[in-house]
Protein chains: 2
Amino acid sequence: MRKKAVINNSPVCQVRMQAISDTMSILSGKWKFHILGTLIEGDKLGFMDLLREVKGIGTKMLSKELQDLEMNQLVSRTVMNTKPITVEYSITKYGKTLSPLIDEMAKWGIEYRQSMIDAERD
Amino acid sequence: MRKKAVINNSPVCQVRMQAISDTMSILSGKWKFHILGTLIEGDKLGFMDLLREVKGIGTKMLSKELQDLEMNQLVSRTVMNTKPITVEYSITKYGKTLSPLIDEMAKWGIEYRQSMIDAERD
DNA sequence: AAGGGTAGTTCCCTATAGGAAACTACTTCC
DNA sequence: GGAAGTAGTTTCCTATAGGGAACTACCCTT
């Protein structure tokens, strides 16, 4: 006879749902995880370095995604006063807090692949 | 003088990147985490139950997302032979392996909110 | 002065995601 | 018989994501 939501009405669920939406919106898009992952591996990379490291990305998307990440304090952008100006992108200490999440994503994906292979052998 | 990718060329990085892409594609879209989260909390829910629990979702998206999740063995769909037919959706044991990832997402999002509040108090 | 490297921006285009509303089909309650 | 509940499907629409290519602008090397 209940007609209303019951499970997700508790404050704790509301907060969790909101938190998941926040995380998803900050890390939305095709490239953010790859960019962050790359910057966590090799710190201090130039724009062109990233363009080469992140396979398939173009200048437009790289530029836009880096701006998003910088806005959210996950990466820092430093213009160096070298002769042809260069820019150093690196992960912030706050950005590093994403490591466990990125690791979880990678871990689950690897296990998923393995489970597909296992399933095929039946 | 290097002109080629160096960091992401190692096999381990390749595998990680691929794994992250896999996970992202399986959990893509606005609703999958919410649906999965709801099904993990309260098992065995009908279509209309989910429609009520997952705030804002419409029938079309719910139906489509459930099909995606079922295809990937993350949720199961059972038609019950009740008088007006009802359907029971529940999380599979494999779907439950996503719990740590979902928890990580929620945890990071909660900490993110908190850090925004902390930053404002300065 | 031409070529190549730095770091982007701008414009144009298409594909996909996602929402609203109407519709199907079947059953039970009043 | 009509309302309301079950579980969806279909159609139409818009907004956003994302890609390609060209372009800017500055500097160094040859």
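Preceding this section is the structure that the text describes.
For clarity, every value in this text was computed on a predicted model and none was experimentally measured.

Trainee: Can you break down the relation of the copies chain B and chain A residue by residue, with the values?
Mentor: Aligned on chain A, chain B shows an RMSD of 0.0 Å; the corresponding rotation is 180 degrees and the shift along the axis is 0.0 Å. Considering both components of the superposition, the chain copies are consistent with a two-fold axis. The C-alpha atom lying nearest the rotation axis in chain B is that of Leu101 of chain B; the distance is 3.5 Å. When you check the interface residues of chain B against chain A, 100% turn up at the interface there too, and the contact is symmetric in its surfaces.

Trainee: Tell me about the environment of Leu101 of chain B, and please be specific about residues and values.
Mentor: The residue Leu101 of chain B is located in helix H5 (residues 99-120) in this model. You can call Leu101 of chain B buried: its relative accessible area is 1%. Apart from residues lying up to four places away in sequence, Leu101 of chain B is in contact with Leu101, Glu104 and Met105 of chain A together with Thr23 and Leu27 of chain B.

Trainee: Hey, could you go over the pattern of salt bridges for me, with residue numbers and the actual values?
Mentor: On inspection of all chains with the given rule, the structure shows 16 salt bridges over all chains. Taking the shortest distance from any N to any O, the salt bridge between Lys32 of chain A and Glu65 of chain A comes out at 3.2 Å. Pair noted here: Lys32 of chain A is in helix H2 (residues 32-41) and Glu65 of chain A is in helix H4 (residues 59-71), with a separation of 33 residues, a long-range link. Lys32 of chain A sits in the buried class, given a relative accessible area of 2%. Ionic pairing is found between Arg16 of chain B and Asp103 of chain A, a salt bridge with its closest N-O pair at 3.0 Å. Taken together, the residues span two chains, with Arg16 of chain B in helix H1 (residues 11-26) and Asp103 of chain A in helix H5 (residues 99-120). Among the residues examined, Arg16 of chain B registers a relative accessible area of 27% and is labelled partly exposed. Linked through salt bridges whose partners overlap, the residues forming this network are Lys32, Lys64, Glu65 and Asp68 of chain A.

Trainee: Quick rundown of the nonpolar core? Include the residues and the values.
Mentor: With 57 residues, the main nonpolar core has Ile35 and Leu36 of chain A together with Ile35 and Leu36 of chain B as its most contacted residues. Not counting residues up to four positions away in its chain, the partners in contact with Ile35 of chain B are Val54, Ile57, Leu62, Glu65, Leu66 and Leu69 of chain B.

Trainee: An account of the interface of chain B and chain A is needed here, citing residue identities and associated values.
Mentor: Interface extent is often summarised as the accessible area lost during association of the parts. Opposite the 53 residues of chain B that make contact, chain A presents 53 residues. The junction of chain B with chain A conceals about 4,800 Å² of combined surface from both sides, 62% of it contributed by carbon and sulfur atoms. Considering only the surface of chain B that becomes buried against chain A, Glu53, Met105 and Trp108 of chain B emerge as the three largest contributors, covering 15% of it. Of all elements in the fold, only H1, helix H2 (32-41), helix H3 (47-53) and H5 of chain B reach the threshold of two or more residues within the side of chain B that touches chain A. Its residues assigned to classes, the side of chain B that touches chain A shows 24 nonpolar, 14 polar and 15 charged.

Trainee: So, the protein's contact with DNA strand C: which residues are in play, and what are the values?
Mentor: Within the structure, DNA strand C sits among 21 residues, and Ser63, Arg77 and Tyr89 of chain A together with Lys30 and Lys60 of chain B are positioned closest to it. Backbone atoms, meaning sugar and phosphate, make up 71% of the atoms of DNA strand C lying within 4 Å of the protein. One nitrogen or oxygen atom from the main chain of Met48 of chain A is found 3.0 Å from a phosphate oxygen belonging to DNA strand C. Here a phosphate oxygen of DNA strand C and a side-chain polar atom of Tyr89 of chain A are 2.7 Å apart. For the surface near DNA strand C, the elements supplying multiple residues, two or more each, are helix H3 (47-53), H4 and strand S2 (86-91) of chain A together with helix H4 (59-71) of chain B. At four residues, the largest contribution of residues to the surface near DNA strand C is made by H4 of chain A. In the surface near DNA strand C, the residues fall into eight nonpolar, six polar and seven charged.

Reading guide: rules and limits
- Residues numbered from 1 in each chain as written.
- Chains lettered and ligands numbered in written order.
- Predicted model: local features only at pLDDT ≥ 70, side-chain atom pairs only at ≥ 80, totals over all residues.
- Heavy atoms only, no water.
- Least-squares fit on C-alpha atoms with pLDDT ≥ 70 in both.
- Contact = heavy atoms within 4.5 Å.
- Helix = DSSP H or I, 4+ residues; strand = E, 2+ residues; numbered from the N terminus.
- Buried < 20%, exposed > 50% of the residue type's maximum accessible area, 1.4 Å probe, protein only.
- Salt bridge = Lys/Arg side-chain N within 4 Å of Asp/Glu carboxyl O.
- Core = buried A, V, L, I, M, F, W, Y, C linked by side-chain atoms within 4.5 Å.
- Buried area = accessible area lost by both parts, 1.4 Å probe.
- Nonpolar A, V, L, I, M, F, W, Y, C, P; charged D, E, K, R; others polar.
- Near = heavy atom within 4 Å.
- Polar contact = N/O pair within 3.5 Å; in protein donor to acceptor, adjacent residues only side chain to side chain.

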